[in-house]
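# Notes for the structure review
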Amino acid sequence: MRIDGGTARVKKLGKRHYRLIVPTTAKVTWAGEVTGKGLRVGTFTQSGLIRGWQRLGHRVGARVTATITWQSPEGTTVTSVGGLGAPKRDGKGHLVFTARMRDRLPATLSGFSINVQRAQGRTPRYDVEFSPTPLTASMAMTAAAGGDQSASAYFVTLNSDGSVAGNCDFSQGQPSGAVTPANPKSFSGDGVINYTFGPAACADVSMVAREPVNNLPTKLQYSPATSTNGHTVIDAFIYFTAPSATETEKDGTFYFVQTVASWGHNGSGACPVLPTYPCS
């Protein structure tokens, strides 16, 4: 699920506790499976998102992990991961979320997006080993940290029960002359690394190198603790296509940003890791 478009306002409620106020013009897009039809991409109205929150698998009163992005005054994309409450309407009719975030948020989020993780109920192991972040029911992203500033990110296929089946084989179906993306991809060091890739296909997902309208790249971004408030972070910026679309989203495309791994010194505050969801 992704909510984006325009500038969101932020009201501080407490330490790293916020109310996010979404503009009425923001759009809500989703990617997921439809019974008997497979993977689809579609849209919700803001009211439809409120009504359908539980049907998406999110429990009443529980927070769900989400990655929020916005544009800094310098024009760079900033990400923060946290736990998001169910959407509501405020007294003025705006769509609002409460959130507990890893980082402090500014009062306004220009060019924002709220990327909500798919609902899941598995209980994976933890050894600075991160829970799979599912992109669809058949494919996910995950990571394992080897130190304060070293990790490997993986794209994996999923079994029907949500367990990991194995690493995606990106060499399958590659166009002639295309470079096969590394999987796993290792990161280390004290500088930001952007690993751009595509095209690549895994399970029911076809990833494209760049989003054609805004030229946004498909990439994994490694940000060491020295640049992210004491946490080392791996973010995934994925532009992908579904086999077909719904009546509300004819092109079948979806751009999604998710924090795959975030951890501090000696693995402290590691997230996303069940059952300690959401990140906060």
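The written sequence of each chain sets the order in which its residues are numbered from 1. Only residues with pLDDT of at least 70 get local features here, since the model is predicted, and only at 80 or more are side-chain atom pairs given and counted; chain-wide, interface and lining totals rely on the full set of residues. The side-chain numbers reported here are obtained from all heavy atoms of the structure, hydrogens and water having been left aside.

A few words on unusual backbone geometry. Of note, the amide linkage connecting Asn183 to Pro184 takes the cis form, showing an omega dihedral of 10°. Helix and strand definitions follow DSSP, with helices as H or I runs of at least four residues and strands as E runs of at least two, each counted in order from the N terminus. Considering the arrangement of structural elements, one finds Pro184 in the loop between strand 15 (164–167) and strand 16 (185–188). A cis amide bond, omega 5°, links Gly198 with the succeeding residue Pro199. Note on placement: Pro199 falls in the loop between strand 17 (193–196) and strand 18 (200–202). Look at Arg16: it is not a glycine, yet its phi comes out positive at around 55°. Summarising the element assignment, Arg16 is placed in the loop between strand 2 (7–14) and strand 3 (17–22). Here Asn266, not a glycine, exhibits a phi torsion of approximately 60°, which is positive. Secondary-structure assignment places Asn266 in the segment after strand 22 (253–263).

Before going further, it helps to spend a moment on the state of the cysteines. Put simply, a disulfide is two cysteine sulfurs that come within 2.5 Å. The full count for this structure, using the stated rule, is 1 disulfide. Paired by a disulfide, Cys168 and Cys202 hold their sulfur atoms 1.9 Å apart. The sign of the -70° torsion about the S-S bond sets the Cys168-Cys202 disulfide as left-handed. Residue Cys168 is located in the loop between strand 15 and strand 16, and its partner Cys202 is located in strand 18; the two are separated by 34 residues in the primary sequence. Three labels apply to residues, based on accessible area from a 1.4 Å probe with only protein chains included: buried if under 20% of the type maximum, exposed if over 50%, partly exposed otherwise in between. Classification of Cys202 by relative accessible area gives buried; the value is 4%.

Within the element layout of this structure, His17 appears in strand 3. Throughout, a contact is declared for two residues whenever any of their heavy atoms are within 4.5 Å. Dropping the residues within four chain positions of it, His17 is found in contact with Lys11, Lys12, Arg63, Thr98, Ala99 and Arg100.

On the secondary structure map, Gln258 appears in strand 22. Separated by 24 residues in the primary sequence, Gln258 and Ile234 place their C-alpha atoms 8.8 Å from one another. Among the polar contacts made by the side chain of Gln258, one reaches the side chain of Thr67 at a distance of 3.1 Å. Whenever two N or O atoms come within 3.5 Å, that pair is a polar contact, provided that in protein one can donate a hydrogen and the other can accept it, and provided that, for residues adjacent in sequence, both atoms are side-chain atoms.

Turning next to the confidence of the model for the chain. Detailed reading of the predicted model is not advised wherever pLDDT is low. For every residue, the predictor states its confidence as a pLDDT score lying anywhere from 0 to 100. Here the chain averages 87 in pLDDT, while 92% of its residues score no lower than 70. Residue range residues 122–126 is modelled with pLDDT below 50. Its contacts to residues more than four positions away, or to other chains, number 10 contacts.

This next bit is on the side chain of His231. Positionally, His231 belongs in the loop between strand 20 (219–223) and strand 21 (232–241). Non-local contacts of His231, meaning those with residues more than four positions away in its chain, are made with Arg102, Ser223, Pro224, Ala225, Ser262, Trp263, Gly264 and Gly269.

The next point concerns the pairing of strand 9 (residues 95–101). Within a regular beta strand, the side chains point alternately toward one face of the sheet and then the other, so they alternate between its two faces. Along strand 9, 5 of the 7 residues are buried, which leaves the element largely enclosed by surrounding structure. One ladder, built from 6 bridges, connects strand 3 with strand 9; its direction is antiparallel. Its bridge partner lying in strand 9, Leu20 is registered against Phe97. The pairing of strand 7 (residues 77–84) with strand 9 spans 3 bridges and is classified as antiparallel. In the strand pairing of strand 9, Gly83 is matched with Arg100. Bridge count between strand 8 (residues 88–89) and strand 9: 2 bridges; the pairing is antiparallel. Following the sheet pairing, Arg89 is matched in strand 9 by Leu95. For two strands to count as paired, DSSP must find a minimum of two bridges between them. The loop that links strand 8 with its antiparallel partner strand 9 comprises 5 residues; one of these, Gly93, has a positive phi angle of about 85°.

Below, the discussion takes up the packing of aromatic side chains. Only rings of Phe, Tyr and Trp enter the pairing, Trp through its six-membered ring, and a pair is recorded when the two centres are within 6.5 Å. The plane angle decides the type: under 30 degrees is stacked, over 60 is edge-to-face, the rest tilted. Using the criterion set out here, one finds 9 aromatic pairs in the structure. Between Trp30 and Phe44, the aromatic rings sit 6.3 Å apart at their centres with planes inclined by 35°, giving tilted as the arrangement. Of this pair, Trp30 sits in strand 4 (residues 27–34) while Phe44 sits in strand 5 (residues 38–44), and the two are 14 residues apart along the sequence. Look at Trp30 and you get buried, because its relative accessible area is 16%. Assessed through its relative accessible area of 27%, Phe44 is described here as partly exposed. Taken together, the aromatic side chains of Phe155, Phe170, Tyr195 and Phe197 make up a single cluster linked through ring pairs. Its end group placed over the ring of Phe187, Lys185 keeps NZ or CZ at 5.8 Å from the ring centre. Cation placement over rings: the criterion is NZ of Lys or CZ of Arg within 6 Å of the ring centroid and within 35° of the ring normal. Sitting above the plane of the Phe237 ring, Lys219 keeps its charged end 4.8 Å from the centroid.

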